Amino acid sequence: MKRLFCFSLLILIFVGDMGLGALRSEAWNVPDGLQSYRVIRVVDGDTIELEKLGKARYIGINTPETKHPSKGVEYFGPEAYEANRRLVAGKRVRIGFDAGKQDRYGRYLVYAYTGSTFVNAYLVEAGYAQVMTVPPNVQYADLFVQLQREARANGRGLWGARPLDSGKSIYWGSVNSNKFHWPSCEWARKIREEHRVVFKTRQEALDKGYTPCKVCKP
Ligand SMILES: [Zn+2]
């Protein structure tokens, strides 16, 4: 009996240690008959722009801000943006809807699938997003809460240990230009790591002679 217990424990440790490759959301049974749309822009961690539909926000989740006018760059915002970009940028994604098709800003509210990955669920399960349930779109609300509980329990992503200086806004510049950006800006993303200059405050960037980028308006 004791031996059986130890054996089960070993299996549990093994399964628990398989990491991000074994997320449930990555081996999803994607519903049939969904239409697919090309992603023409990744706006941030939970918003994309789709060909023909325009702006679309993922249902049931919320990722930290990367370019909010007052909140600035929130902790794990750039990572969430990057995760979303890695999943869907330039691809065709299959799109599902819930009871409420659009929000009051005219954005579509969607479930997105790429390959066998359920994007909304992945972002919660991997710790890039928090659950945000807005009725009447509650089809996967219970699942998302459960996945968030697992992400928390495993210290994934934003649930992990925070670096000491987290939560502060940061800005990026390049040694080769006089512009500074939000890290999520398409121009900031083009700065090679060895050329990157990081500023902790807007003032610091201005003091060093950098001017705000006209695209991302930091
Ligand atoms: Zn910029």
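Bear in mind the structure is a predicted one, so any value in this text is a computation, not a measurement. (Residues numbered from 1 in each chain as written. Predicted model: local features only at pLDDT ≥ 70, side-chain atom pairs only at ≥ 80, totals over all residues.)

**Describing the overall build of the protein chain**
Right, so step 1: Helix and strand counts for the protein chain stand at six helices and twelve strands.
Right, so step 2: By the burial criterion, 33% of the 218 residues in the protein chain qualify as buried.
Right, so step 3: Of the contacts formed within the protein chain by residues at least 6 apart in sequence, a portion of 64% connects residues at least 24 apart. (Helix = DSSP H or I, 4+ residues; strand = E, 2+ residues; numbered from the N terminus. Buried ≥ 20, exposed ≤ 12 C-beta atoms within 10 Å, placed from the backbone. Contact = placed C-beta atoms within 7 Å.)

**Notes on the nonpolar core**
Right, so step 1: V88, A112, V119, Y122, L123, V124 and Y128 are the most contacted members of the largest nonpolar core, which totals 36 residues.
Right, so step 2: Secondary structure elements with two or more residues in this core: β1 (35–42), β2 (47–50), β3 (54–58), α2 (77–88), β6 (108–114), α3 (119–125) and α4 (141–153).
Right, so step 3: When neighbours within four sequence positions are excluded, Y128 is seen to be in contact with G45, T63, F76, E79, A80, A83, L123, G157 and L158. (Core = buried A, V, L, I, M, F, W, Y, C linked by C-beta atoms within 7 Å.)

**What about the sheet that holds strand β11 (residues 196–199)?**
Right, so step 1: One open sheet holds the four strands; their spatial order is β11-β9-β10-β12, and the pairing between them is mixed. Lying at the two open borders of the sheet, with one neighbouring strand each, are β11 and β12 (211–212).
Right, so step 2: Across two bridges, strand β9 (residues 171–174) lies against strand β10 (residues 179–181) in antiparallel orientation. Across the sheet, the residue bridging to G173 is F180, located in β10. (Pairing = 2+ DSSP bridges.)

**Considerations on α4**
Right, so step 1: With 13 residues, α4 should cover 18 Å at 1.5 Å per step; its first-to-last C-alpha distance of 18 Å lies within 8% of that length.
Right, so step 2: Three or more residues of α4 are buried, namely F144, L147 and A151. Taken down its axis, α4 places every buried residue within 65 degrees of arc, on the same side. Every exposed residue of α4 that faces more than 90 degrees away from the buried side is listed here: D142, R149 and A153.
Right, so step 3: Considering only its buried residues, α4 is in contact with β4 (61–62), α3 and β8 (130–131). (Expected span 1.5 Å × (residues − 1). Arc of directions from axis to C-beta.)

**What to know about the pairing of β6**
Right, so step 1: Where β3 and β6 come together, three bridges link them in parallel fashion. Within β6, the position partnered with Y58 by the bridge is V110.
Right, so step 2: Two elements, strand β5 (residues 92–96) and β6, share three bridges in a ladder whose sense is antiparallel. Within β6, the residue paired with R94 across the bridge is Y113.

**Some details on the confidence of the model for the protein chain**
Right, so step 1: On average, the protein chain scores 87 in pLDDT, and the residues at 70 or more come to 85%.
Right, so step 2: pLDDT under 50 marks residues 9–19. Its contacts with residues more than four places away, or in other chains, come to zero contacts. (pLDDT = per-residue confidence, 0-100.)

**Some details on the environment of G54**
Right, so step 1: Within the secondary structure, G54 sits in strand β3.
Right, so step 2: When the C-alpha atoms of G54 and R41 are compared, they prove to be 9.5 Å apart, with 13 residues separating the residues in sequence.

**Things to note about the environment of H181**
Right, so step 1: Among the structural elements, H181 can be located in strand β10.
Right, so step 2: A residue is classified by how many C-beta atoms lie within 10 Å of it, and H181, with 26 of them, is buried.
Right, so step 3: Between the C-alpha atom of H181 and that of K214, which follows or precedes it by 33 residues, the distance is 8.9 Å.
Right, so step 4: Sequence-distant contacts of H181, that is, excluding residues within four places in its chain, are made with Y171, W172, W187, A188, C213, C216 and P218.

**Some thoughts on α2**
Right, so step 1: The end-to-end C-alpha distance of α2, which contains twelve residues, comes to 17 Å, matching closely the 16 Å that a straight helix rising 1.5 Å per residue would cover.
Right, so step 2: Along α2, the residues classified as buried are G77, P78, A80, Y81, A83, N84, L87 and V88.
Right, so step 3: The first or second residue beyond α2 is G90, which carries a positive phi of 75 degrees.

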